[in-house]
Structures are given as structure tokens and as C-alpha cells.
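Structure assessment
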Amino acid sequence: MGTGAIDYPDSVTHHTWERVLMSQFAVLRNIQPQPELVRENIKKAPGFGQYFTDHMAHVRYTIEEGWQAHQVKPYAPLQLDPAAAVFHYAQEIFEGLKAYRHADGSIWTFRPERNAARINRSAARLALPQLPEEDFIGSLKALVEVDQQWVPTPESVADESSLYLRPFMIASERFLGVRASHEVDYYVISCPVGPYFSGGIKPVSIWLSETLKRAGQGGTGFAKCGGNYAASLVAQNEAAAKGCQQVLFTDAKEGRYVDELGGMNLMLVTKDGQLITPQLSDSILDGVTRRSLLDLAPSLGLDPVERDISIEEWREGAASGDIVEAFACGTAAVITPIGRIVADGFTIDHGEEPGEKTMELRTTLLDIQYGRAEDTNDWLVRLA
Ligand SMILES: *Cc1c(COP(=O)(O)O)cnc(C)c1O
């Protein structure tokens, strides 16, 4: 696998690469990487998703030959036929996870087997091929090994910088007929990212979308696919127009129950110590952060509960003082405290300060990810 002859794309000349082999992924090293000074400056203020590392991982799939030609190669634009299925029928899925540098310089990622399992649930729903777990985790290892100098070194506990990893799978067959593509490409790109909140952690305002829906019963809401995001963007614009940073979606059928945000799961904390989150369904994504916070809850004296939550219950609970904290969670921002829900005709208020349990959960999770607390659950996997 991947150790045989390598097909060089026509557009790239051989002399710019030096060829090295590593595990199952052949490494075509970029001999024109970003200069060290440029890289170090990017790592000081990386923003989010703006600057990419020198390499990317790639595995090719065809229906006849399966997954083949595993390689890490120079980061570069893709050459795709304008008739490639992904451009027309959005047969595409992705993942998102991070590589964290610990104090001793080692680099780790968090529960990647859950992302490996999830990309395959997404693949099954989008009629894309199953990717073996060793290829998924192998691609992360191979890429981070080569680009390890791009992983930021946190300067303090408040410095939440890391290397964001973005695996994705696209239907690349040149064919306009409507059926599952017979050719697929899987890539991993990566980018250094800084703290999601530049000015410290402040509760955000969230627009409750009661008319636009991102997912429905029998649909693709549980899959991590670009199409779900495309469906959420108008609502996101609506949120921005209302002065809100994010949008919250309700169930498509009745509009009574909370589903999730466009890219984050939702959690509430009750006065009597419950950590409540909507139970998984067709229209809710099984977040690794969500799962991990539910798993950590008992150690912080919280009782994890997965069940339906109606907007009405939340409104009344927040007003009566039974629901005391609300937050959104996902890999990118870890935990985002929610200060206010803005809807047509009412608001739900949780105050200007992040909740106490919200911040305890946040610190507990980050301490494990950055190696500052013992990883008693064996959640970390070493990448380099
Ligand atoms: C990725 C994602 C999340 C968060 O999942 P994590 O694994 O915690 O990063 C939540 N909702 C949606 C729609 C997502 O795409």
C-alpha cells in the first residue's frame, strides 16, 4: 500500500520534490516550504483556517481498486474536472479535529477513533466508500509527522493554540449522471489555529431560527457533510443581521425542540446539577466534544442527561431559575458560553458572564487535551 510507484500529477514537475517513504504513506516532501520566519509569524497570530501547512495527505479510491496511492505531498490546489460529481451533487463529507503540543514537545490528538467511526457513518449516508480506521488515523499521523513544526507551542494555559486537522472526502468522477461516484479522493489539510475567542471568553448571542431548518427526519443532519453547512448559511446571515454570532436550529417537523447550532452541539446546566443535551437523532451530529463532556460530567458532580428539550421548557426554566447555564460545544471553540437566545418576539437570558460549570467543564477538557491533567480515559493518541 503506497510503497510502489507513485503517479505524479501532470501539472507538477518532479524536480520540486524529494521522495521519502514513511509508514504506509509515501512522502513527497515539499522542497519549497514556507520560510521558517514566515511560519513562525503565522503561528504567532494564525486566526482560524487562513494559513495552511506545507503538505497534505491524499488517498485515492476507485470502485475497481479500492483505496490506493496513500501519500503525503506538497499542499497545492487540486485539479478537478468541471464535471466532477462533487461540484454538482455535493457528494462530500469532512471531519475536524486538532493536534495539541504538550509541554515536553510531543504532539497528540483527541479520540480520533470517534472521528474515524463518524466519517464512515457520514460516508454511508452520502453513498461514499468506507475508509479503514488505519488509513484515517494513519493519514493524520503521516501529515503531522511531516508538518510537526507547524504545531504551535502554547505559551500559557490561556493560549489555546493547536493544529486544526481537516480530513475530507469528495466525489471526483467526471460524470453528470445522478448516482454515487465511482471515483473518490480523500485528503487531509491542516492549519495552525489560535484561540477561537481573541478577547477572552465572552458569552455569545444566538439567533433562534424558527423558519429555516438545517436538517430533517431521514435527512443528513447526523452526517458531517458540506451540504448541511450550505443549508445553514442563510440562517447564519439572518443571525448576523440580528446582531447574533450563531444560529440555533429546531426540529424540522414541529419546530418545538432544540436540535443544535449550525456546527456545534447545545448543552444546558440545571440548578439541581443536571447537564442536559438533546438526544441524538437523524438531525443532530454526534459531536466528540458533546460525548466527552457527557463522559466528564460525573467527575464534576453533574448528572448527564440526553433527552428532548423544548424551547418552551428552556424559556420557562431560564425564567424560573431552574436552567442556570447554557453553552455550545465543538472541537473548534471547545465550549462557547451562551448569554442570550434571540427569537422573533422573545429572548432567553443567561447573563453577561460565563456559567461556573460551563467554565469548569471547559478547563477540565482543555487540561486533558493539552496534557496538563492525567488522561485517565486513554483519550489521547500520540501523532509525533
Ligand atoms: C462538527 C460538528 C459538531 C461538533 O462536533 P465535534 O466532534 O465536537 O467537533 C456539531 N455539530 C455539527 C453540525 C458539526 O458539523
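Residues numbered from 1 in each chain as written. Predicted model: local features only at pLDDT ≥ 70, side-chain atom pairs only at ≥ 80, totals over all residues. Heavy atoms only, no water.

1. Remarks on the domain arrangement of the chain
Here is the rule we go by: Delimitation of the domains relies on an automatic or database domain assignment. Here a residue-residue contact requires only that any non-hydrogen atoms of the pair lie within 4.5 Å. Note on terms: buried area is the combined drop in 1.4 Å-probe accessible area of two parts once they are placed together, counting the loss on both. Throughout this description, the term salt bridge denotes a Lys or Arg side-chain nitrogen within 4 Å of a carboxyl oxygen of Asp or Glu. For this analysis, a polar contact is any N or O atom pair within 3.5 Å, provided that within protein one partner can donate a hydrogen and the other can accept it, and provided that sequence-adjacent residues contribute only side-chain to side-chain pairs.
Looking at the chain, the domain boundaries give domain 1 (26–195) and domain 2 (204–369). Here the C-alpha centre of domain 2 lies 27 Å away from the C-alpha centre of domain 1. In this assembly, 21 residues from domain 1 lie in contact with 23 residues from domain 2. Between domain 1 and domain 2, the buried area comes to about 2000 Å², and carbon and sulfur atoms account for 57% of it. At the junction of domain 1 with domain 2, the criterion picks out three salt bridges. Where domain 1 packs against domain 2, one counts 14 residue pairs in polar contact (both at pLDDT 80 or more).

2. A word on the nonpolar core
Note the threshold: Take the buried residues of types Ala, Val, Leu, Ile, Met, Phe, Trp, Tyr and Cys, join any two whose side-chain atoms come within 4.5 Å, and each joined set is a nonpolar core. Accessibility here uses a 1.4 Å probe with only protein chains present; expressed as a share of the type maximum, an area under 20% marks a residue as buried, one over 50% as exposed, and anything in between as partly exposed. Going along the chain from the N terminus, every DSSP run of H or I of four or more residues is numbered as a helix, and every run of E of two or more is numbered as a strand.
With 37 residues, the main nonpolar core has Phe-136, Val-144, Met-169 and Tyr-186 as its most contacted residues. Those elements giving two or more residues to this core turn out to be β2 (25–30), β3 (55–62), β4 (66–74), β6 (97–101), α3 (112–125), α4 (133–146), β8 (162–171) and β9 (183–193). Sort the elements by how many residues they give to this core and α4 lands first, with seven residues. When sequence neighbours within four positions are dropped, the list of residues in contact with Met-169 reads Trp-67, Gln-91, Glu-92, Ile-93, Ile-119, Leu-128, Pro-129, Leu-131, Val-184, Asp-185 and Tyr-186. Core analysis: the second largest hydrophobic core is formed by 23 residues, Tyr-100, Val-288, Leu-294 and Ile-335 among them.

3. Notes on the layout of surface pockets
The gaps of empty space that remain are located by a probe, the size of a water molecule, rolled over the atoms. Applied cut-off: Think of a 1 Å grid over just the protein atoms. A cavity is a set of points where a 1.4 Å probe fits yet cannot get out, a pocket is an open set with protein on both sides within 12 Å along at least five of seven lines, and lining residues have an atom within 4 Å of a point. Grid points are joined across faces, edges and corners, and a volume is the space filled by probe spheres set on the points. Here the nonpolar group is Ala, Val, Leu, Ile, Met, Phe, Trp, Tyr, Cys and Pro; Asp, Glu, Lys and Arg are the charged ones; every other residue, Gly included, is treated as polar.
Taken as a whole, the second largest pocket encloses approximately 640 Å³ of empty space. Lining of the second largest pocket is provided by 36 residues; of these, Lys-224, Tyr-229, Gly-263, Met-264 and Ala-332 occupy positions nearest its centre. Elements that contribute at least two residues to the lining of the second largest pocket include exactly β8, β9, α5 (226–241), β11 (246–250), α6 (288–296) and β16 (323–330). For the lining of the second largest pocket, the element with the most residues is α5, which contributes five residues. Looking at side-chain class alone, the lining of the second largest pocket contains 18 nonpolar, 13 polar and five charged residues. Two domains each put at least three residues into the lining of the second largest pocket: domain 1 (26–195) and domain 2 (204–369).

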